[in-house]
Number of protein chains: 2
Amino acid sequence: MKVVKFGGSSLATGAQLEKVLEIVKSDPARKIIVVSAPGKRYAEDIKVTDLLIECAIKVLSGEDATKLVSLVVERYASIAHELDLPSEIIDEIRSHLVELLNSSQENRNQFIDAIKASGEDSHAKLVAQFFLNRGIEAQYINPKDAGLYVTNEAGHAQVLPESYEHLYSLRAKNGVLIFPGFFGYTKEGAIATFSRSGSDITGSILANGVKADLYENFTDVDAVYSVNPNIVENPNEISELTYREMRELSYAGFSVFHDEALIPAFRAGIPVHVKNTNNPSAPGTKIVHHREKSTGPVVGIASDKGFCSIYVSKYLMNREIGFGRRLLTILEEYEISYEHIPSGIDEVTIILRQDQLHPETEEDILERIKNELCADEVKIEHNLSLIMIVGEGMKQNVGITARAAQALASAGVNIEMINQGSSEVSLMFGVKEANEKKAVKAIYEEFFTPVLI
Amino acid sequence: MKVVKFGGSSLATGAQLEKVLEIVKSDPARKIIVVSAPGKRYAEDIKVTDLLIECAIKVLSGEDATKLVSLVVERYASIAHELDLPSEIIDEIRSHLVELLNSSQENRNQFIDAIKASGEDSHAKLVAQFFLNRGIEAQYINPKDAGLYVTNEAGHAQVLPESYEHLYSLRAKNGVLIFPGFFGYTKEGAIATFSRSGSDITGSILANGVKADLYENFTDVDAVYSVNPNIVENPNEISELTYREMRELSYAGFSVFHDEALIPAFRAGIPVHVKNTNNPSAPGTKIVHHREKSTGPVVGIASDKGFCSIYVSKYLMNREIGFGRRLLTILEEYEISYEHIPSGIDEVTIILRQDQLHPETEEDILERIKNELCADEVKIEHNLSLIMIVGEGMKQNVGITARAAQALASAGVNIEMINQGSSEVSLMFGVKEANEKKAVKAIYEEFFTPVLI
């Protein structure tokens, strides 16, 4: 049995839904289908989820949202029209949305979450109707009925462990099951969404719950690329990745697959197969426990900007038991999480995502570190990028660091930070944001450009 | 005015003391002389300090120490004989030592410290006598009379800030002042020693206190070498170093100069000049705030063994605010200080000196990290060496990391850890102990061997 998730662009038009139908029909093991809300049809288009968020905010601020409601319903109507579906399905989608918009606004975040989630929910109903119309035994499954319970954290809910047992009973149901992605229900019966792009998470939870043989994730690219195609033209496609490699790549800006989404599949040992709805015969990328194919020590290069570093120096800091702990306690009081803490002899640097720091808290934190820890010097540097080189074969391979550092040196990029020592599958460099693209290109060329003889 | 410190080998025989006399006489600015206890005369010889420690421990366990007392006194007697000094000085040294050995044993550590410190104290008296005999106006100065007060931490006392003011009045005294190194007095009047090789510290404190123009540190090498001569034959001599460079080098095994000893001189901005008693015309090594001479980005390479690493992994650790702080709190409860904490995405490694871990505490700590932090995996690796590449010019120099990593790769040495990002003057590699020498050699050759054209 396979759980198959389709992304927003795979479900944006009637023509796309025809492709989805063909994909599902072509393999009887594809039993559980997780759907996203309709995505973009063209580059300037607006995703249904974004329209819904705008809609919810307008209503909360007492403004008229009639036009936005029409825009949302119009998206479903155009798909239904393209596919010759009966108009009742659109009436149902419209009245359900209006009903939600008239519901209690007492808990603002809960209200927004319910509106947001309706994008997937309505589309799941439409897709089920479409499949039925084409003679496929299919039914819409409501996450509450299926027992998909989550924590009460609007916008970043976490699955409750008992859900997995409930979901197992989906195996017994007949026909193809159409399941809306992105949300679950709290024990109190409220809708709560996962973090953005959370349909990936729903698919992974379902795959774990029903003990699927495979979790297929259909999107709009042929494969996971070894580097961001916006930085390097026509990059290598990756045919196989381990979970660890994928987790490290998605940490630093690989958005193909949601990083949280890997965990349920990983825990159950279910392979994940990333494939292209628009080119289903392409081999795609498989994410597995152990990978057999090996083309080189490095499998991918990822990068992300928006980091900053706080540098702290103090004579004989190195001998002061508790210094690091007290430093981290200050950050914790501001609910700031850090990424790395490289240290010298009497110096330490904290690398963190800079969107966590507002100008006032920033000044506050620097002041407190200076005064409470009697630091000799405290300074902050903004706008750093982290570059991650990932591959299971790196630990055994003497010289990877040298090659990467040499590539950066040749490109004239100064290394602000290196982090190696903990992960066995990655090597991280910090560079100035302005150098990020140049750095990624240089490293890609070092590890991926075939040597001409 | 100069403060001049002589190490144990510079004061081990009468012939050596003749050299010391010549050095002091040759420059009238050399007013305050800090002396160590007599050191080794030949490779297999025993230092007086080591004899004294053995002596103290024997007495504490109720055994007869007569033979050891004779051995100690004999060392001074042979020097006195060589220099034709009156026998009264030896009688005084003997009776002082016997008196100390008969004093209260209530506080064991205080007892040991008093015996240990007598090595320097007796030698300062002998040297003063010798100078007088040769017609130099000289006097022995007792640290208590001079106001050198320290904390009550036997074996690793710290200077109390008020001492600096007291010591300033030494400027007003006539003639050459002979000051015993290694110890001070607590406010309660007990003797407390600095950590081993603490005469360097005494000299630095005195230089700060009297606002000397220069602190000269006479030892038995022509200069600070750019690498350990036991690893590389005939290494480069360093003519100028900054305080920061010296601090980083002495952290990782450069024993020429005690690392704590730099601080008082640094704080007062007093240059330190390392010179050779046996070859006083050699230029030596100057430690300064800013260095003018520059021969390359790297000034020295140091290494030290005896480290271990504790690796901790946990899924989504990266998002858990407070994880690092809780980890460090556990170590703090065992009074363990760590050196570095390189981290991956969901992984962190703690590098520490392994002599802090006994087998039982080790098991305990690993168990607690696993249980209290719900870690997925916790493991320890022993016998690592840290290699430090030091130089003020490194931060500006693109490509240093690449060159060092390439040198290691060519030598077949795997890099277990890299630490770069905090210190602006150093770059640290972790390797297995078995690879330490090979690694240091390879890096030295990369940065110091002149390129033949």
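Since the structure is predicted, the reported quantities are computational estimates derived from the model, not experimental observations.

### Some remarks on the overall build of chain A
Within chain A, the secondary structure is distributed over 14 helices and 17 strands. Whereas a compact globule of 453 residues would reach a radius of gyration of roughly 22 Å, chain A reaches 24 Å, a difference of no more than 12%. Principal axes of the C-alpha set define a box for chain A whose edges measure 75 × 60 × 40 Å. Long-range pairs, those at least 24 residues apart, make up 75% of the contacts in chain A between residues at least 6 apart in sequence.

### Some points on the interface of chain B and chain A
Between chain B and chain A, the contact holds 62 residues from the first and 62 residues from the second. Buried area between chain B and chain A, both sides added, is near 5,400 Å², and the carbon and sulfur share of it is 52%. Where chain B touches chain A, the interface holds four salt bridges. Of the charged contacts, one joins Arg247(B) and Asp346(A) as a salt bridge, the two residues approaching to 2.5 Å between their closest N and O atoms. Linking chain B with chain A are four residue pairs in polar contact (both at pLDDT 80 or more), by the criterion used here.

### Focus: the nonpolar core
Phe6(A), Leu126(A), Phe131(A) and Ile178(A) are the most contacted members of the largest nonpolar core, which has 55 residues in total. Residues within four places of Phe131(A) in sequence aside, it is in contact with Val20(A), Leu21(A), Val24(A), Ile136(A), Ala138(A), Val176(A) and Ile178(A). Counting residues in hydrophobic clusters, the runner-up holds 53 residues, among them Val48(B), Leu97(B), Ile112(B) and Val127(B).

### Thoughts on the packing of helix H11 (residues 323-333) of chain A against helix H12 (residues 359-372) of chain A
Residues and elements named next belong to chain A. Close contact between H11 and H12 brings their axes to 11 Å; oriented N to C, the two are set at 150°. Relative to H12, the element H11 lies roughly antiparallel. Note on packing geometry: the crossing formed by H11 with H12 is right-handed. Touching Arg326, Leu327, Ile330, Leu331 and Glu333 of H11 are Ile365, Arg368, Ile369 and Glu372, all from H12.

### Things to note about helix H5 (residues 108-133) of chain B
Residue and element names in this part refer to chain B. With 26 residues, H5 extends 38 Å from end C-alpha to end C-alpha; this agrees with the ideal 38 Å at 1.5 Å per step. By the largest-angle criterion, serine 118 marks the main kink of H5, which is about 35°. Counting buried positions along H5 gives 20 out of 26 residues, so the element sits mostly inside the fold. Once H5 finishes, glycine 135 follows within two positions and takes phi at roughly 80°, a positive value.

### Let's talk about the sheet that holds strand S10 (residues 240-242) of chain B
Residues and elements named next belong to chain B. If you walk across this open sheet you meet the eight strands as S3-S4-S2-S1-S7-S11-S12-S10, and the pairing is mixed. The sheet terminates laterally at strand S3 (138-140) and S10, the two strands that pair on one side only. Strand-to-strand twist of the sheet, defined as the mean angle between neighbouring strand axes without regard to direction, takes the value 20°. Relative to strand S4 (residues 176-180), strand S2 (residues 30-35) runs parallel, the two being bridged by four bridges. If you follow isoleucine 32 over to S4, its bridge partner there is leucine 177. Of the strands in this sheet, S2, S3 and S4 touch H5, which is tilted by about 160° from S4. Relative to the sheet, helix H9 (residues 243-251) contacts S10, strand S11 (272-276) and strand S12 (285-288), its axis offset from that of S10 by approximately 85°.

### As for the environment of Lys2(B)
Residues and elements named next belong to chain B. With respect to the helices, strands and loops of the structure, lysine 2 is situated in strand S1 (residues 2-6). For lysine 2, a relative accessible area of 18% gives the class buried. Taking the C-alpha atoms as reference, lysine 2 lies 9.9 Å from leucine 206; in sequence the two are 204 residues apart. In this structure lysine 2 touches Asp27, Ala29, Arg30, Lys31, Ile32, Leu214 and Glu216, once residues within four positions along its chain are discounted. Polar contacts involving the side chain of lysine 2 include one to the side chain of aspartate 27, which spans 2.6 Å.

### A short note on the relation of the copies chain B and chain A
Mapping chain B onto chain A calls for a rotation angle of 180° and an axial translation of 0.0 Å; the resulting RMSD is 0.1 Å. Considering both components of the superposition, the chain copies are consistent with a two-fold axis.

### Details of the side chain of Thr193(B)
Residue and element names in this part refer to chain B. Secondary-structure assignment places threonine 193 in strand S6 (residues 191-193). For threonine 193, a relative accessible area of 0% gives the class buried. When near neighbours in sequence (up to four residues on either side) are disregarded, threonine 193 contacts Asp113, Lys116, Ala117, Glu153, Gly155, His156, Ala157, Phe182 and Phe183.

### Describing the sheet that holds strand S15 (residues 377-390) of chain B
Here we have 10 strands laid out as an open sheet, ordered S14(A)-S13(A)-S15(A)-S17(A)-S16(A)-S16(B)-S17(B)-S15(B)-S13(B)-S14(B), and antiparallel in their pairing. Pairing within the sheet leaves two strands with one partner each, and these edge strands are strand S14 (347-353) of chain A together with strand S14 (347-353) of chain B. The average angle at which neighbouring strand axes cross in this sheet is 30°, direction not considered. In this sheet, S15(B) lies alongside strand S13 (residues 300-313) of chain B in antiparallel orientation, the contact comprising 11 bridges. Pairing of Val312(B) across the sheet is with Val378(B), part of S15(B). Contacts between helix H14 (residues 436-448) of chain B and the sheet are confined to S13, S15 and strand S17 (426-432) of chain B, with S13(B) contributing the most and set at about 130° to the helix.

### Section: the pattern of salt bridges
Pairs can form between side chains of opposite charge once their charged atoms are near each other. Tallied over the entire structure, the rule returns 48 salt bridges over all chains. Arg75(B) is the partner of Asp45(B) in a salt bridge, and the nearest nitrogen-oxygen pair spans 3.4 Å. Taken together, the positions of Asp45(B) in the loop between S2 and helix H2 (48-60) and Arg75(B) in helix H3 (residues 66-82) put the pair 30 residues apart, joining distant regions of the chain. Residues joined by salt bridges that share partners form a network here, namely Arg41(A), Asp45(A) and Arg75(A).

### Regarding the packing of aromatic side chains
A full pass over the atoms with the stated rule returns 10 aromatic pairs over all chains. Here the aromatic rings of Phe183(A) and Tyr185(A) are separated by 6.0 Å at their centres, their planes lie at 65°, and the arrangement is edge-to-face. Ring centres of Tyr243(A) and Phe266(A) lie 5.3 Å apart, and the angle between their planes is 80°; on these two criteria the pair is classed as edge-to-face. Taken together, the residues span a long stretch of sequence, with Tyr243(A) in helix H9 (residues 243-251) and Phe266(A) in helix H10 (residues 262-268) at a distance of 23 residues. Classification of Phe266(A) as partly exposed rests on a relative accessible area of 22%. If you follow Lys125(A) out to its NZ or CZ, it ends over the ring of Tyr140(A), 5.4 Å from the centre. Of note, Lys379(B) hangs over the ring of Tyr311(B), and the distance from its end group to the ring centre comes to 4.9 Å.

### With respect to the UniProt feature "binding site: ATP" (unreviewed entry) in chain A
Residue and element names in this part refer to chain A. In this structure's numbering, the residues bearing the UniProt feature "binding site: ATP" (unreviewed entry) are Lys5, Phe6, Gly7, Gly8, Thr219, Asp220 and Tyr225. Turning to its location among the elements, phenylalanine 6 is positioned in strand S1 (residues 2-6). Apart from residues no more than four positions distant in its own chain, phenylalanine 6 is found in contact with Leu11, Val20, Ile23, Val24, Ile33, Val34, Val35, Ser36, Phe218 and Thr277. The exposure class of threonine 219 is buried, given its relative accessible area of 16%. Among all residues touching threonine 219, those that are not within four sequence positions of it are Ser10, Val274, Lys275, Asn276 and Thr277. Of the polar contacts made by the side chain of threonine 219, one reaches the side chain of aspartate 220; its length is 3.3 Å.

### Some words on the domain arrangement of chain A
Residues and elements named next belong to chain A. Partitioning chain A into structural domains gives domain 1 (2-288) and domain 2 (300-448). The centre of domain 1, based on its C-alpha atoms, is set 35 Å off from the matching centre of domain 2. With 17 residues of domain 1 at the interface, the matching set in domain 2 holds 24 residues. Counting the surface lost from both domain 1 and domain 2, the interface buries some 1,700 Å², and carbon and sulfur atoms represent 61% of this. When the area that domain 1 buries against domain 2 is broken down by residue, the three leading residues are Ile231, Glu248 and Tyr251, summing to 38%. Linking domain 1 to domain 2 there are one salt bridge. Residue arginine 244 pairs with glutamate 392 through a salt bridge whose shortest N-O separation is 3.0 Å. Taken together, the connections running from domain 1 to domain 2 amount to six residue pairs in polar contact (both at pLDDT 80 or more). Counting residues per element, the side of domain 1 that touches domain 2 draws most heavily on H9, at five residues. Considered class by class, the residues forming the side of domain 1 that touches domain 2 number eight nonpolar, six polar and three charged.

Reading the values: rules and limits
Residues numbered from 1 in each chain as written. Chains lettered and ligands numbered in written order. Predicted model: local features only at pLDDT ≥ 70, side-chain atom pairs only at ≥ 80, totals over all residues. Heavy atoms only, no water. Helix = DSSP H or I, 4+ residues; strand = E, 2+ residues; numbered from the N terminus. Rg over C-alpha atoms; globule rule 2.2 N^0.38 Å. Contact = heavy atoms within 4.5 Å. Buried area = accessible area lost by both parts, 1.4 Å probe. Salt bridge = Lys/Arg side-chain N within 4 Å of Asp/Glu carboxyl O. Polar contact = N/O pair within 3.5 Å; in protein donor to acceptor, adjacent residues only side chain to side chain. Core = buried A, V, L, I, M, F, W, Y, C linked by side-chain atoms within 4.5 Å. Buried < 20%, exposed > 50% of the residue type's maximum accessible area, 1.4 Å probe, protein only. Axes fitted to C-alpha atoms, helices over the stretch in contact; angles between N-to-C directions. Parallel < 35°, antiparallel > 145°, perpendicular 65-115°, else oblique. Left-handed = near helix turned anticlockwise from the far one by under 90°. Expected span 1.5 Å × (residues − 1). Bend = angle between axes of the 7 residues up to and from the residue. Pairing = 2+ DSSP bridges. Least-squares fit on C-alpha atoms with pLDDT ≥ 70 in both. Phe/Tyr/Trp six-rings, centres within 6.5 Å; stacked < 30°, edge-to-face > 60°. Lys NZ or Arg CZ within 6 Å of the ring centre and 35° of its normal. UniProt positions renumbered as here; feature names shortened; annotations may be inferred. Domains from an automatic or database assignment. Nonpolar A, V, L, I, M, F, W, Y, C, P; charged D, E, K, R; others polar.

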